[in-house]
Amino acid sequence: QQPVQSPQAVILREGEDAVINCSSSKALYSVHWYRQKHGEAPVFLMILLKGGEQKGHEKISASFNEKKQQSSLYLTASQLSYSGTYFCGTPRGGGNKLTFGTGTQLKVEL
Amino acid sequence: DAGITQSPRHKVTETGTPVTLRCHQTENHRYMYWYRQDPGHGLRLIHYSYGVKDTDKGEVSDGYSVSRSKTEDFLLTLESATSSQTSVYFCAISSESTEAFFGQGTRLTVV
């Protein structure tokens, strides 16, 4: 089942913080986060592992909620380059097959 | 950048014709995937491969077939294209439990 992301869209001023949520009907064991700019391929940002360990971007962090049915992505001191659509992906089965959420459009303005 | 190339990048085809999209990698990654991306649906998995000649269906596999005869190549075939298959198709590669690298995408229009 496809994860649900919220908000669907958000507009920020440069320097502001943002939180993007990814919710699942089942407990999440890991969550992958990707960003896609218009007309481009999705690009890996980070992986959040079940113990809370994170691999990836220095200025972006993520966490699970208590029941691990939701992951939140934290963007601090946003920059213009952060604009794009953010997708969470949850593994289903082996081999790193990901089921992606519907995306959150983020726009950072001056 | 990961060595992954999709071809063609753009294609317009007529309803009922067969179409083959190619994904080529130079990273020797075990896993390869085909996703389609449509507005409101995000990225949806069509088929994936976990080795040469080892493939399996994803969540939206009807009307599609795949083949992987070499580690570096993963082909996606639309047996008889329909307008509902108009989409942007992305190939991706990965090793076990690591990040996926995506190709630049193929924009397919079925008229």
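Look up a bit, the structure's there.
Criteria and thresholds
- Counting of residues starts from 1 at the beginning of each chain's written sequence and follows it residue by residue.
- To read the labels, note that chains go from A and ligands from 1, taken in the order they are written.
- It should be noted that, the model being predicted, local features are given only for residues of pLDDT at least 70 and side-chain atom pairs only at 80 or more, the latter also being counted only at that level, while totals for whole chains, interfaces and linings use all residues.
- Derived side-chain values reflect all non-hydrogen atoms in the structure, with water molecules and hydrogen atoms excluded from consideration.
- Using protein atoms alone on a 1 Å grid, points that fit a 1.4 Å probe yet trap it form a cavity, whereas open point sets bounded by protein on both sides within 12 Å along at least five of seven lines form a pocket; residues with an atom within 4 Å of a point count as lining.
- Grid points are joined across faces, edges and corners, and a volume is the space filled by probe spheres set on the points.
- Secondary structure elements are taken from DSSP: a helix is a run of H or I of four residues or more, a strand is a run of E of two residues or more, and numbering for both begins at the N terminus.
- All residues other than Ala, Val, Leu, Ile, Met, Phe, Trp, Tyr, Cys, Pro, Asp, Glu, Lys and Arg, Gly among them, are scored as polar; the first ten of these are nonpolar and the last four charged.
- Partly exposed residues are those whose accessible area sits between 20% and 50% of the maximum for their type, while under 20% is buried and over 50% is exposed, using a 1.4 Å probe and protein chains only.
- Only strands that DSSP links by at least two bridges are regarded as paired with each other.
- In this description, the term disulfide denotes a pair of cysteine sulfurs within 2.5 Å.
- To pair, rings of Phe, Tyr and Trp, with the six-membered ring standing in for Trp, must have centres within 6.5 Å; the planes then decide the type, stacked if under 30 degrees apart, edge-to-face if over 60, and tilted in the middle.

Caption draft 1: Representation of the layout of surface pockets. The calculated volume of the largest pocket comes to roughly 820 Å³. Lining the largest pocket are 30 residues, with A:Q36, A:H38, A:G39, A:T85 and B:Q37 sitting closest to its centre. Of all elements in the fold, only strand 9 (84–91) and strand 11 (104–109) of chain A together with strand 4 (31–38), strand 9 (87–94) and strand 11 (106–110) of chain B reach the threshold of two or more residues within the lining of the largest pocket. Residue composition of the lining of the largest pocket, by class: 6 nonpolar, 18 polar and 6 charged.

Caption draft 2: Structural detail: the pairing of strand 5 (residues 43–49) of chain A. All names here are of chain A. Here strand 5 lies mainly inside the structure; 5 of its 7 residues are buried. Looking at chain direction, strand 4 (residues 30–36) and strand 5 are connected through 6 bridges and run antiparallel. Among the inter-strand pairings, R35 is bridged to a residue of strand 5, identified as V43. Relative to strand 6 (residues 54–56), strand 5 runs antiparallel, the two sharing 3 bridges. Within strand 6, the residue paired with I47 across the bridge is K55. Hairpin connection of strand 5 to strand 6: 4 residues between the antiparallel strands, including G52 at a positive phi of 95°.

Caption draft 3: Here's a closer look at the state of the cysteines. Residue and element names in this part refer to chain A. Using the criterion set out here, one finds 2 disulfides over all chains in the structure. With its sulfur 2.1 Å from that of its partner, C22 forms a disulfide with C88. Note on the C22 and C88 pair: the S-S dihedral is about 70°, so by sign convention the disulfide is right-handed. Linking C22 in strand 3 (residues 18–23) with C88 in strand 9, this pair joins segments that are 66 residues apart in sequence.

Caption draft 4: The packing of aromatic side chains, seen in detail. On inspection of all chains with the given rule, the structure shows 11 aromatic pairs over all chains. Seen in terms of ring centroids, B:Y33 and B:Y35 are 6.3 Å apart; in terms of plane orientation they differ by 35°. Their pairing is tilted. You can call B:Y35 buried: its relative accessible area is 2%. With centroids separated by 5.9 Å and ring planes inclined at 45°, the aromatic side chains of B:Y35 and B:F102 adopt a geometry described as tilted. Of the two residues, B:Y35 sits in strand 4 while B:F102 sits in strand 10 (residues 101–102), which places them 67 residues apart along the sequence. Assigned by exposure class, B:Y35 and B:F102 land together as buried. An aromatic cluster of three or more residues is present, and its members are A:Y34, A:F44, A:F87, A:F100, B:Y33, B:Y35, B:F90 and B:F102.

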